[in-house]
Amino acid sequence: MDLRLAVLGLIVAATLLASSLVVALVPTASAFDPGGPPVGGAAPTVATGNWEFVNYQPTGGSYSPQNQINKDNVQYLETKWIYPYRDAVEKTTWTGVQRGSGAPVIIVDGTVYVLMSDRRILAIDAQNGRLLWNNTYGITWDAQAEVAKYPFLQGARVHGHAINYYRDKGWLITSSMGSCNLYAVDAKTGKTAWTLKTEQICGTTAEFGDPTKGIKGTLDITGYYSSIHTHPPQFLGNIMFFPVGSASGAGGRAFVTAFDMSNPANPIKLYRTWVFPPASGDPEWAIKQCNEANGNGWYFEYPRYLEGINHPARDRTPTYLATKCTDVAPDIVRNDWIDMVPGSPTFGKIHTASAISPVWGNYPIDQETGIVAMGWGDEGPYTNLTHRYGPAIHGSGFTAFDVRTGKLVWWFDAVTRDLWDYDCSWGGIIGSVQGQKALLKGCKNGIVYALDWNTGKPFWIYDAPTIIRGGKNIQTYYGVGANNRPTDPDACCRLTKADMGKPWMNYPQKGPIVQNCYTVCLESDFAYDGKMVYVGTFNNMGTHNFGRVAAFGNNGVGGGPRTAFPQQTEWIVDANVDAVDVNTGRKVWSYKVENAAFRGGVMVTGGMVVVYAADGNLKFLDATSGKLIHEKFFGIPVSVMPTVGASKDGKMKIFAHIGGGGGFLAANSAELAGNLVAFGLPDVIPQPQVREVIKEVPKEVIKEVIKEVPKEVIKEVPKEVIKEVIKEVPKEVVKEVVKEVPKEVVQTVTVETISPISYAAIGIGVVLVVVSGVLFSRRKKA
């Protein structure tokens, strides 16, 4: 028996020793090897110290495969340094300037780059929080002079969602300044590398017109271009692709464009492709767009989707996902975007307030196919569409283009006839669904779409069941009617002439009304780790009314105080983070945040989903189960996604804004400049309890060892013997153990630290060796 136990102990010890030493002995990847975007829609597997794009990489996903900070040690995070944001000393002509930063920071080769809300770019040492340089081109740019020179620019309202790093160029590029101005900064020196200005990206006043005087441009444009921003560009080699949106509810004509940036001092415009019809109107616009995409155009009729899943019970698998454009009667979509009200000054043309607003979020690019896909802003003027007929493609929808030619590849009308401002501009992701490359994309309606990357055909559509669509006196009428059923005649919108001409959401009634999710149920980027999609949605009940259609501007207004609605006994505000199986589109788990909205984005790393909700808590959820692992309370809602990256010593840190202006639509603390805080692990992590390690050992082995080892034997093992045994373990034995580790295990090991559990495992292994040795020695003596 003693001999058998000795052998058993040696086997257990060898197993524990092998599993513990493998991390220590195999080579690791460079901490700053960018790895590159994975192919085929797979999630990244090479752990690096960088977070180079707003959503980690050009294909999106907000997922870092690093495991140095993980769900087993996140509770030990401590503050490593704080960088207090200071108000700029430079004068600016921007309007609507917020304090702090509203963009996630990026981390490149040990440097943190911050886009401030006032358009400064800061470079900060990730190791100690020291400022390295400060670029002020954006804050000192004369925005008012630009608007005066080009009257088709709506204004100069400063706002920035993102900053990206383009490794092969060495450039940092932020969200644009307005619709028509871009610039790049040298990441090493902080100097401005190049600029692209209004006439280069957009055009002249003669081409784009002067809406202040009612002058139409030669390109058949009558309105304004956005005063805010468009997401940073994407690159395919030297081709820089960039979408240009109009001002929300203020006319203009959206398009995509591209430049050959081989010589940034002399960029060459390659094409301009319109995504919006001319101001004079094109009755065949929707039909032509269907043909342009070779029939790969899709409409999403939400009432049909809800009917297919048997709403409100929702107890069926969806029987409807989308309607192909070739299956729609031409009469239904003819005159798309056109004012069809007889006697109107713009009858038979595009109303001056109709527009597609900019692309706010990441538009992922596929280096294999050369296709880029994006979600567009709202179909203004919300929420009174009396002077606009049709589904209004491509507003509040997705388009895919060939970057090399500008040709439309496919489109998906995600919110057919958007009466609610449910734009689709937050970040998109290239993922893999059932082995096929897919676009994973959400809209402010709270719905996530998984679409075939090459055709736009949906694999699945996920509508979070926690979002309240109807009932509870709600009159939003998105997908359901007064009786909370998709078959109600007032549910909107199906591809019928009646719905395509519906003036506002509860027509023919008038406001004010109680509604939910105006203007948003989803106001954040979501994440993808190759297995699941993690999405944050919320309910936010309020009041709403409908204003008159003006020449320019949206017309939705507040519906008055809640006390004016005595029939409404509850006003629900809550957020939910859902994990959705990427292959099936089915919910795996859900985590609820009470009494808080959610804006910004979720981030996934180290087996955790990191959520910074508007309740002032930074939460760490188990990515597998959704259970809360740890949280840090700051008491200040910031609504900006945290990111993770390494300082030059290879130590990972989580970076988060605390305070400052995080956004327009969710609770924020714009009256505070705020701080950037770096959280990391302590140099010495407290040792875990033995019971944590025992979990890793097969139960039958533990039972056998415990059963067979007499208590007096364990007492006989002096400390000095343990030390002596460690010295006596032959090197060739260690080599032999490591040799047996499968190669695929070695290949997947990247930048890591040795887990405390591994040290404990080594300790148990040594004790077992000693116990086994003592038992064997006693048997020999006997």
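Residues numbered from 1 in each chain as written. Predicted model: local features only at pLDDT ≥ 70, side-chain atom pairs only at ≥ 80, totals over all residues. Heavy atoms only, no water.

A few points about the sheet that holds strand 3 (residues 106-108)
- Spatial strand order, 3-4-5-6: 4 strands in an open sheet with antiparallel pairing. The strands lining the two open edges of the sheet, one partner per strand, are strand 3 and strand 6 (131-135). Each neighbouring strand pair of the sheet contributes to a mean axis angle of 20°, computed without reference to strand direction. (Pairing = 2+ DSSP bridges. Helix = DSSP H or I, 4+ residues; strand = E, 2+ residues; numbered from the N terminus. Axes fitted to C-alpha atoms, helices over the stretch in contact; angles between N-to-C directions.)

Examining helix 6 (residues 285-292)
- The set of residues buried in helix 6 consists of W285, A286, Q289 and C290. The buried residues of helix 6 occupy an angular sector of 140° when the element is viewed end-on, so they sit on one face.
- Looking at the packing, one finds that the buried side of helix 6 touches strand 14 (268-274), strand 15 (297-299), helix 8 (330-333) and strand 19 (408-413).
- Immediately beyond the C-terminal end of helix 6, within one or two residues, lies N294, with a positive phi of roughly 55°. (Buried < 20%, exposed > 50% of the residue type's maximum accessible area, 1.4 Å probe, protein only. Arc of directions from axis to C-beta. Contact = heavy atoms within 4.5 Å.)

Brief notes about unusual backbone geometry
- Here the amide bond leading from H311 into P312 is cis, since omega sits at 10°, within 30 degrees of zero.
- Relative to the assigned elements, P312 resides in the loop between helix 7 (302-308) and strand 16 (323-324).
- For the bond from Y382 to T383, the omega torsion is 5°, close enough to zero to count as cis.
- Residue placement: T383 occurs in the loop between strand 17 (371-375) and strand 18 (398-402).
- Positive phi outside glycine occurs at R417, with the angle close to 55°.
- The topology assignment puts R417 in the loop between strand 19 and strand 20 (429-433).
- Residues other than glycine seldom take positive phi values, yet D421 does so here, at roughly 65°.
- Here D421 lies in the loop between strand 19 and strand 20.

Observations regarding the pattern of salt bridges
- Tallied over the entire structure, the rule returns 27 salt bridges.
- Its salt-bridge partner being R304, residue E301 comes within 3.1 Å of it at the nearest N-O pair.
- Classification of R304 as partly exposed rests on a relative accessible area of 33%.
- As a salt-bridge pair, K592 and E594 come within 3.9 Å of each other at their nearest N and O atoms.
- In this structure K592 comes out as partly exposed when scored by relative accessible area, which is 42%.
- Overall, E594 belongs to the partly exposed group, its relative accessible area being 49%.
- Through salt bridges that share partners, E52, D109 and R167 make up one connected network. (Salt bridge = Lys/Arg side-chain N within 4 Å of Asp/Glu carboxyl O.)

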